[in-house]
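Secondary and tertiary structure notes
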Amino acid sequence: MTTTVADHHHDEVPKGITRWLFTTNHKDIGTLYLWFSFIMFLVGGAMSLVIRAELFQPGLQVVDPHFFNQMTTVHALIMVFGAVMPGFVGFANWMIPMMIGAPDMALPRLNNWSFWLLPPAALLLVISLFVPGGGPASGWTLYPPLTIQGGMGMDFTIFTVHILGMSSILGSINIIATILNMRAPGMTLMKMPLFVWTWLITAFLLLAAIPVLAGAVTMLLTDRHFGTAFFDPAGGGDPALFQHIFWFFGHPEVYILILPAFGVISQVIPTFSRKPLFGYTSMVFASAAIAFLSFIVWAHHMYTVGMPLSGELFFMYATMLIAIPTGVKIFNWLATMWRGSLTFETPMLFAVSVVCLFTMGGLTGLMMSITPADFQYHDTYYIVAHFHYTIFAGSVLSMFAGIYYWLPKWTGHMYDETLGKWHFWLTVIGFNVTFFPQHFLGLAGMPRRIPDYALQFTEFNQISTIGSLVMGFAQLILLVVVVKAIRGGKKASAEVWENPEGLEWSLPSPPPYHTFATAPEVR
Amino acid sequence: MLLRQRCGESLMTAVANDAQKAGIRKTVTILVVFVVAVFTWSIVKYLL
Ligand code: HEM
Ligand SMILES: [Cu+2]
């Protein structure tokens, strides 16, 4: 491979606020996405601490129940649509062009717009908490009839979902157009780094799933204001129909959150095992299989709604099938580490913890896929435990792995390894203390989304709240690490790590403003 | 403004050549049609 850097004439970096407002540079836009994601992560995190504070003791202490319900709803919406999705789009923007040897994204101006749709949408959602009647209080799933009845906060939420969806769709179109058309000569599809592959597949999932969500909330809107009755039983509609449509989007959505994470992990583990990724081809096909299956399992979220037996069985077996490609990935990561010369820098620590903890979430998922068993687990804290093991320990910890892995590349400085390790241990311990006891609460029958609970649930809830405080405040360490690395520190070499694979490491750290103006040759 | 950001006289464009440009156009057209179709169908299906 050759290293080609744009000549310095092209490398004047624009200054001031207009740089960020008008930027069409994939690195700038990636940075914007990542900061936006981090801010949303802190805002959503603060809301989760309100939830945990209220649940520290039985009875009502901190907030009133209606506000509590708004917190669970807006926390989830912000984390899913504001923190995790934009976070991975930030990684995509920074890394995909550098990984495939392209000078930028295929549609740089559209890229700018995709990002700048996000802040107003997020603001709209937060403002909804302050309008008469308050914000959405239905849970992030927005089930009618409650969402047909709510106040104008609900309209704000619908509009937010529309705008965020628009941003995701434009971003996905850009990513697909980039990957399919902008690869450097010699970079065949099966030579692409796995992170690029998982994003390509994720982008297709987004394009097929998001318009369905947009359709669902549009129908909610017309039910609310324009006299239709898609979901309103009073007019002959069916609330269960909404659940079907929502989960037709919702299950692919959870794989939208996890596939790019799998991609990051597949970059990090080989580097710190000093071995190539085991089973590259099977990783690509497993990702594609997961993507396909994710469209035929949606009703495992609504086993209790009353479906024909054949339906329950179909969705049960289809859901179980997903464990196969997921297992393939886990075994491939393990095989990559097997007999490697392992070292455990912060990115690797996070990556290994993802392999362990995400697998926990996958196993509880498998339990919940069993229809009769799920009648017990459904709508309890068991579900909350499951999806935090998948989304936090899967997606968010992978993002942390990715941040530590590429931060030296992005900033040109090594991060503070000691602080990184502190961040890792406090996060992972805090996480398990918070969410492991929730399995027991769920099995014992504590319902999710309630501000008060029966006395026998007290101890586990207290443990959980203490864990959440540790985990929450540990995230400020990440802020310190990132700011420190931006400001200075030990200079990072181009390769940063020991013989990492990928075109991004052939560029200096930090890479010049414009890279690969002349495409590199990939052999 | 946007154009100036993209670096002065010898415009540093992302696109290398016309073939690539045509490829991007084609990809985008197909995807946009797909998205609009999915959105429309997700609603129209319940009106029929
Ligand atoms: C091994 C694969 C997985 C299986 C078999 C599985 C299975 C399930 C099942 C059956 C439910 C519904 C439980 C109920 O409500 O009664 C569920 C809920 C959920 N899962 Fe998974 N899951 C898997 C992986 C994931 C992943 C990778 C994510 C996200 C990254 C995820 C996120 C969620 C979320 C957010 C919910 C709860 C949605 C809600 O009701 O608010 N799951 N899962
Ligand atoms: Cu699901």
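Residues numbered from 1 in each chain as written. Chains lettered and ligands numbered in written order. Predicted model: local features only at pLDDT ≥ 70, side-chain atom pairs only at ≥ 80, totals over all residues. Heavy atoms only, no water.

**Considering the overall build of chain A**
Assigned secondary structure in chain A consists of 16 helices and zero strands. Taken over C-alpha atoms, the radius of gyration comes to 23 Å for chain A, in line with the 24 Å a tight globule of 523 residues would show. Projected onto the principal axes, the alpha-carbon positions of chain A cover approximately 65 × 50 × 45 Å. By the burial criterion, 62% of the 523 residues in chain A qualify as buried. Here the analysis covers contacts within chain A between residues at least 6 apart in sequence; of these, 83% occur between residues at least 24 apart. Side chains of chain A carry 21 positive and 25 negative charges; the gap between the two charge centres is 12 Å. (Helix = DSSP H or I, 4+ residues; strand = E, 2+ residues; numbered from the N terminus. Rg over C-alpha atoms; globule rule 2.2 N^0.38 Å. Buried < 20%, exposed > 50% of the residue type's maximum accessible area, 1.4 Å probe, protein only. Contact = heavy atoms within 4.5 Å. Lys, Arg positive; Asp, Glu negative; His and termini not counted. Charge placed at Lys NZ, Arg CZ, Asp CG, Glu CD.)

**Section: the packing of aromatic side chains**
Residues and elements named next belong to chain A. Applying the stated criterion across every chain yields a total of 43 aromatic pairs over all chains. Measuring from ring centre to ring centre gives 5.3 Å for Phe262 and Phe358, while their planes differ by 80°; the resulting arrangement is edge-to-face. With a gap of 96 residues between them, Phe262 in helix α9 (residues 239–273) and Phe358 in helix α12 (residues 346–369) connect regions that are remote in the sequence. On the basis of relative accessible area, Phe358 is assigned to the buried category, the value being 6%. Ring plane angle 90° and centroid distance 5.0 Å describe the contact between Phe350 and Phe424, whose orientation is recorded as edge-to-face. On the criterion of sequence distance, the pair formed by Phe350 in helix α12 and Phe424 in helix α15 (residues 417–443) is long-range, its members being 74 residues apart. Judged on exposure class, the residue Phe350 and its partner Phe424 are both buried. (Phe/Tyr/Trp six-rings, centres within 6.5 Å; stacked < 30°, edge-to-face > 60°.)

**Concerning the interface of chain B and chain A**
Of the residues lining the interface, 27 residues belong to chain B; the matching set on chain A comes to 37 residues. Summed over both sides, the interface between chain B and chain A buries roughly 2,700 Å², with carbon and sulfur atoms accounting for 75% of that surface. The tally of links between chain B and chain A comes to zero salt bridges. Our count for the chain B to chain A interface comes out at two residue pairs in polar contact (both at pLDDT 80 or more). No other element matches helix α2 (residues 18–44) of chain B, which puts 13 residues into the side of chain B that touches chain A. Here the side of chain B that touches chain A is composed, by residue class, of 18 nonpolar, seven polar and two charged. (Buried area = accessible area lost by both parts, 1.4 Å probe. Salt bridge = Lys/Arg side-chain N within 4 Å of Asp/Glu carboxyl O. Polar contact = N/O pair within 3.5 Å; in protein donor to acceptor, adjacent residues only side chain to side chain. Nonpolar A, V, L, I, M, F, W, Y, C, P; charged D, E, K, R; others polar.)

**Some words on the coordination of the iron atom of ligand 1**
Residues and elements named next belong to chain A. Looking at the protein side alone, the iron atom of ligand 1 has one donor only, His386 (NE2), at 2.1 Å. Separating the iron atom of ligand 1 from the copper ion (ligand 2) is a gap of 4.6 Å. Turning to its location among the elements, His386 is positioned in helix α14 (residues 381–411). (Donors = N, O, S within 2.8 Å, 3.2 Å for Na, K, Ca; no water.)

**A word on unusual backbone geometry**
Residue and element names in this part refer to chain A. Residue Pro144 is joined to Pro145 through a cis peptide bond whose omega torsion reads 10°. Tracing the backbone shows Pro145 in the loop between α5 (118–128) and α6 (146–149). Of the consecutive residues Ser509 and Pro510, the connecting peptide bond is found in the cis state with omega at -10°. In this structure, Pro510 sits in the segment after α16 (458–487). Of note, the phi angle at Arg449 is positive, near 60°, even though the residue is not glycine.

**Some remarks on empty space enclosed by the protein**
It is the rolling of a water-molecule-sized probe over the atoms that shows where space remains empty. Residues and elements named next belong to chain A. Applying the stated criterion across every chain, the model contains four cavities of 30 Å³ or more. Roughly 160 Å³ of volume is contained in the largest cavity. Lining the largest cavity are 18 residues, with Met85, Pro86, Val89, Ser168 and Leu206 positioned closest to its centre. Mapped onto the lining of the largest cavity, the elements with two or more residues apiece are α3 (65–100), α7 (152–181), α8 (194–225) and α9. (1 Å grid on protein atoms, 1.4 Å probe; cavity = no way out; pocket = protein on both sides within 12 Å on 5 of 7 lines; lining within 4 Å. Points joined across faces, edges and corners; volume = space filled by probe spheres on them.)

**Focus on the layout of surface pockets**
Residues and elements named next belong to chain A. For the second largest pocket, the calculated volume is near 690 Å³. What lines the second largest pocket is a set of 30 residues, among which Thr31, Trp35, Trp94, Trp410 and Ile486 lie closest to the centre. Where the lining of the second largest pocket is concerned, the elements lending two or more residues are α1 (16–22), α2 (26–54), α3, α14 and α16. Here the element with the most residues in the lining of the second largest pocket is α2; it accounts for eight residues. Its residues placed into classes, the lining of the second largest pocket shows 23 nonpolar, three polar and four charged.

**Examining the site of ligand 1**
Residue and element names in this part refer to chain A. If you check the shell around ligand 1, you find 23 residues, and the closest are Trp140, Asp374, His378, His386 and Arg448. Side-chain polar atom of Asp374 to an oxygen atom of ligand 1: 2.6 Å apart, as the coordinates give it. Counting residues per element, the ones that place at least two in the shell around ligand 1 are α9, α12 and α14. If one sorts the elements of the shell around ligand 1 by residue count, α12 sits on top with six residues. (Near = heavy atom within 4 Å.)

**Brief notes about helix α10 (residues 280–293) of chain A**
Residue and element names in this part refer to chain A. Over its 14 residues, α10 extends 20 Å from the first C-alpha to the last, a length consistent with the 20 Å expected when each residue adds 1.5 Å. Those residues of α10 lying buried are Met283, Val284, Ala286, Ser287, Ile290, Ala291 and Leu293. Those residues of α10 hidden inside the fold are in contact with α8, α9 and α11 (309–337). (Expected span 1.5 Å × (residues − 1).)

**Looking at the confidence of the model for chain A**
Mean pLDDT over chain A: 95, with 98% of residues reaching 70 or higher. Segment residues 1–9 of chain A is flagged for pLDDT under 50; beyond a separation of four residues in sequence, or across chains, it makes 17 contacts in the model. (pLDDT = per-residue confidence, 0-100.)

**Digging into the confidence of the model for chain B**
Residue and element names in this part refer to chain B. This prediction gives chain B a mean pLDDT of 79; 73% of its residues lie at or above 70. Confidence over residues 1–12 falls short of pLDDT 50; this stretch has 30 contacts with residues more than four positions distant or in other chains. Here the predicted complex scores 0.94 on pTM and 0.90 on ipTM.

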